[in-house]
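Coordinates in review
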Amino acid sequence: MPVEPPVETPRDLPEAFRLLALAPRTPIAGGTDLMVRITGEIGSPPDQVLDLSRLDELRGIALAGGQLTVGALTTYAEIRRSGLVARSLPVLAEAAATVGAVQIQNRGTLGGNIANASPAGDTLPLLLALEAVIEVGGPRGERSIPADQFWIAYRTTALAPDELVLRVRIPLVEARQVRFRKVGTRRAQAISKVVLALAWEQADRKDRWGHVRLALGSVADRPIRARSTELYLEGSRATLETADGAAETVAAEIRPIDDVRSTADYRRQVTARILHRIIRDAGGW
Amino acid sequence: MTAIRFLVNGAPVELEAPGMRRLLDVLREDLGLTGTKEGCGEGECGACSVILDGEVVVSCLVPACQVDGRIIRTVEGLAARTPDGRILDDLQAAFLATGGAQCGMCTPGMLLSARVYLDAGGGPDEDAIREAIAGNLCRCTGYTKIIEAIALAAETGRRPAGA
């Protein structure tokens, strides 16, 4: 039988923060990662758990001030169903649709994906490419952490032990193009071998690319930005020469590893190939 | 221990259980509802799927503290109870008709994923059925007969009453 650690279910955020001020507690939202840990097969089970499921202030999706705000407890299924997401940031629904299958999408939350900090977390490269800001809070108040400062080491976040992920703010940018690709063993229920998210700004198809952001998952100990490749793409046009050069640059930039899901060589080649294809499609050649 | 109240297959249930007990264990061990199967125990295989407030979830990943006040449907709740006994759900009848079950381990989860799919208006389209059961692994059938069964139930359900 799995371990059944003690759990508290606060009714609102102030109560949750009071509990976190007393002792460290491992949060549970949709449980798709933590409930595996209590079986003891992956890592050690938590000593004490904080059940976030009643914190309704952390649910929902809103659009205001040119930003999409997604509450930490919003599930992938809710993101897929959201009319706001479909109209303002359809790539987020596209990414949510690649997570697990329907059972996982009904339970797993965006905040959980962020806090669990898996290097293979499906949505994390997209949040990096979109320059999302992660709002966190605890007994000492709230603060905002840019996505590229959030995952600081292997499965380690910038969260203090008494802090929770509250919501994610994603700036919406006119003329921004975004592409997302996940490669796994099969389409559903696969942990990624490579996740790639690419964003750039472009007034029209002939225009040079600006503000290029390229983020990758499953190729390092955490989700990363590929900054050399971003620089290479900055100011370029979507030509064959650009695609070849960007593919070569990203293959040289990343240091993936061999593990149970894939090999370093496969990951490097696939990352380069996906990027090449996205640039080709963007160039329409 | 926490007092937890919820509805299972229409019947109210109240029990004392550790809040982090898996819903799967509450159903099988505490309530004796062994129709729900444990496959992998880590949310990969879908054998323990149940319907929670109308959505299909894997019960190995749901802690008991999160089902308080909610509505659960398991495979035992699919067949309708009548004074003359039980009448199989369209899906159960279709699985029998097409040979959609072999060892039976995945069947309860398949039935419940398919039930939610059909209740949401899903039709006999193969790609849509494959997506609906993508979280349910079957090691026997190769899926073909399961997909046939769900498509058949979709057709049966659409037929006007008495047809």
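Cut-offs used in this document
- Residues numbered from 1 in each chain as written.
- Chains lettered and ligands numbered in written order.
- Predicted model: local features only at pLDDT ≥ 70, side-chain atom pairs only at ≥ 80, totals over all residues.
- Heavy atoms only, no water.
- Buried < 20%, exposed > 50% of the residue type's maximum accessible area, 1.4 Å probe, protein only.
- Helix = DSSP H or I, 4+ residues; strand = E, 2+ residues; numbered from the N terminus.
- Arc of directions from axis to C-beta.
- Contact = heavy atoms within 4.5 Å.
- Polar contact = N/O pair within 3.5 Å; in protein donor to acceptor, adjacent residues only side chain to side chain.
- Domains from an automatic or database assignment.
- Buried area = accessible area lost by both parts, 1.4 Å probe.
- Salt bridge = Lys/Arg side-chain N within 4 Å of Asp/Glu carboxyl O.
- Axes fitted to C-alpha atoms, helices over the stretch in contact; angles between N-to-C directions.
- Parallel < 35°, antiparallel > 145°, perpendicular 65-115°, else oblique.
- Left-handed = near helix turned anticlockwise from the far one by under 90°.
- Nonpolar A, V, L, I, M, F, W, Y, C, P; charged D, E, K, R; others polar.
- Disulfide = S-S within 2.5 Å.
- Phe/Tyr/Trp six-rings, centres within 6.5 Å; stacked < 30°, edge-to-face > 60°.
- Pairing = 2+ DSSP bridges.

1. Observations concerning helix α1 (residues 13–22) of chain A
Since the α-helix packs 3.6 residues into each turn, any two residues three or four apart lie on the same face. All names here are of chain A. Within the span of α1, buried status applies to Leu 13, Ala 16, Phe 17, Leu 19 and Leu 20. Around the axis of α1, the buried residues are gathered within 160° of arc, so they sit on the same side. Projecting away from the buried face of α1 at angles above 90 degrees are the exposed residues Arg 18, Ala 21 and Leu 22. Buried residues along α1 sit against β1 (7–8), β3 (49–51), β6 (133–138) and β10 (164–171). Capping the start of α1 is the job of one residue whose side-chain oxygen sits 3.0 Å from the backbone nitrogen of Glu 15: Asp 12.

2. Description of the domain arrangement of chain A
Residue and element names in this part refer to chain A. You can read the domains of chain A as domain 1 (7–51), domain 2 (56–171) and domain 3 (176–283). The partner domain 3 presents 29 residues to the 27 residues of domain 2 that form the contact. For the pair domain 2 and domain 3, the summed buried area comes to about 2100 Å², and 59% of that belongs to carbon and sulfur atoms. Between domain 2 and domain 3 we count 4 salt bridges in total. Here Arg 213 and Glu 131 are joined by a salt bridge, their closest N and O atoms 2.8 Å apart. Inspection of the region where domain 2 meets domain 3 yields 9 residue pairs in polar contact (both at pLDDT 80 or more). The set of elements that each furnish at least two residues to the side of domain 2 that touches domain 3 consists of α5 (90–96), α8 (124–129) and β8 (151–153).

3. Considering the packing of helix α2 (residues 90–98) of chain B against helix α3 (residues 107–119) of chain B
Residue and element names in this part refer to chain B. Contact geometry for α2 and α3: axes closest at 10 Å, N-to-C directions at 125°. Taken together, the axes of α2 and α3 are oblique relative to one another. Between α2 and α3 the crossing geometry is right-handed. For the pair α2 and α3, contact is made by Leu 91, Gln 92 and Phe 95 and by Thr 107, Met 110, Leu 111, Ala 114, Arg 115 and Leu 118, respectively. Partitioned by chemical class, the residues of the contact of α2 with α3 number 6 nonpolar, 2 polar and 1 charged.

4. Overview of the interface of chain B and chain A
Chain B puts 33 residues into the contact, and the matching count from chain A is 33 residues. Carbon and sulfur atoms supply 52% of the area that chain B and chain A bury against each other, a total of about 2500 Å² over both sides. Contact with chain A buries area across many residues of chain B, yet B:Met20, B:Leu61 and B:Gln66 alone supply 29% of it, more than any other trio. Linking chain B to chain A there are 3 salt bridges. Joining chain B to chain A, the criterion identifies 11 residue pairs in polar contact (both at pLDDT 80 or more). Counting residues per element, the side of chain B that touches chain A draws most heavily on strand β4 (residues 55–58) of chain B, at 4 residues.

5. Some remarks on the state of the cysteines
Scanning the model with the defined rule gives 0 disulfides over all chains in all. The thiol sulfur of B:Cys65 is not disulfide-bonded, and the nearest other cysteine sulfur, from B:Cys60, lies at 15 Å.

6. Here's the deal with the packing of aromatic side chains
All names here are of chain A. Applying the stated criterion across every chain, the model contains 2 aromatic pairs over all chains. Where Phe 150 meets Trp 151, the ring centres are 5.4 Å apart and the plane angle is 75°; that geometry is what we call edge-to-face. No difference in accessibility class separates Phe 150 from Trp 151, as the two residues are buried. Both rings, one in Trp 200 and one in Trp 209, keep their centres 3.9 Å apart while their planes meet at 10°; by these two values the pair is stacked.

7. What about the sheet that holds strand β2 (residues 26–28) of chain A?
Residues and elements named next belong to chain A. Taken together, 3 strands build an open sheet; the order of strands is β1-β3-β2 and the sheet is parallel. Of all the strands in the sheet, just β1 and β2 have a single pairing partner and so form its edges. In this sheet, β3 lies alongside β1 in parallel orientation, the contact comprising 2 bridges. When the sheet's bridge partners are listed, Glu 8 is paired in β3 with Leu 50.

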